[in-house]
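What follows is each chain in one-letter form.
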Amino acid sequence: MYSINAKKRGWWKEVNVIIWGGSARLTGTDTQVQSEIMEMIAQGIHIEACQDCTERYRVSETLKKLGVTVRYMEEPLTTYLKADEKFIFV
């Protein structure tokens with residue numbers, strides 16, 4: 001909910017969500033979570049997922065079909081951290 005509200009209410013100009021670990025499995029199998037992901041994308045939120053995680057849980061294609069960018073996240077995450085991007089971990 002925070003991601004959608006942050007975008008809708010202009011709390012942040014850009015919002016990016018990274019799906020990592022077991023969240024990849026949940027996103028790939030739970031239709032309610034998938035609906036929320038589609039709503040986030042419709043609001044202009046960029047959604048990425050760790051490819052290692054999506055492959056482990058065999059949900060890569062499902063997430064890609066939702067519009068999620070699936071890629072190896074080690075280097076992009078390091079770039080975000082070095083750029084002093086703001087994070088909320090859940």
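Heads up: the structure comes first, above all this text.
Residues numbered from 1 in each chain as written. Predicted model: local features only at pLDDT ≥ 70, side-chain atom pairs only at ≥ 80, totals over all residues. Heavy atoms only, no water.

**Things to note about unusual backbone geometry**
Our working rule: Strands here are runs of E lasting at least two residues and helices are runs of H or I lasting at least four, both read from the DSSP assignment and numbered beginning at the N terminus.
Of note, the phi angle at Arg-58 is positive, near 55 degrees, even though the residue is not glycine. Looking at the secondary structure, you find Arg-58 in the loop between α4 (51–56) and α5 (60–66). Even without being glycine, Asp-84 reaches a positive phi, approximately 60 degrees. Looking at the element boundaries, Asp-84 is found in the segment after α6 (74–82).

**Here we look at the sheet that holds strand β2 (residues 46–50)**
So the rule is basically this: The pairing criterion for strands is at least two bridges between them, as found by DSSP. Geometry is summarised by axes, namely lines fitted to C-alpha atoms with helices restricted to the contacting stretch, and by angles between N-to-C directions that run from 0 to 180 degrees. In what follows, residue pairs with any heavy atoms lying within 4.5 Å of each other are defined as contacts.
Strand order in this open sheet of three strands is β1-β2-β3, and the pairing throughout is parallel. Each edge of the open sheet is held by one strand with a lone partner, namely β1 (16–19) and β3 (69–71). With strand direction ignored, the average angle separating the axes of adjacent strands in the sheet is 25 degrees. Packed on one face of the sheet, α6 meets β1, β2 and β3 and runs near 140 degrees to β1.

**Here we look at the pairing of β2**
Rules: Each residue is assigned to one of three classes by its accessible area relative to the maximum for its type, calculated with a 1.4 Å probe on protein chains only: buried under 20%, partly exposed between the two thresholds, exposed over 50%.
The element β2 is extensively covered by neighbouring structure, given that four of its five residues are classed as buried. Looking at chain direction, β1 and β2 are connected through four bridges and run parallel. Note that in β2 the partner of Ile-19 across the bridge is Ala-49. Of the strand pairs in this sheet, β2 and β3 are connected by three bridges, and their pairing is parallel. Among the inter-strand pairings, Cys-50 is bridged to a residue of β3, identified as Arg-71.

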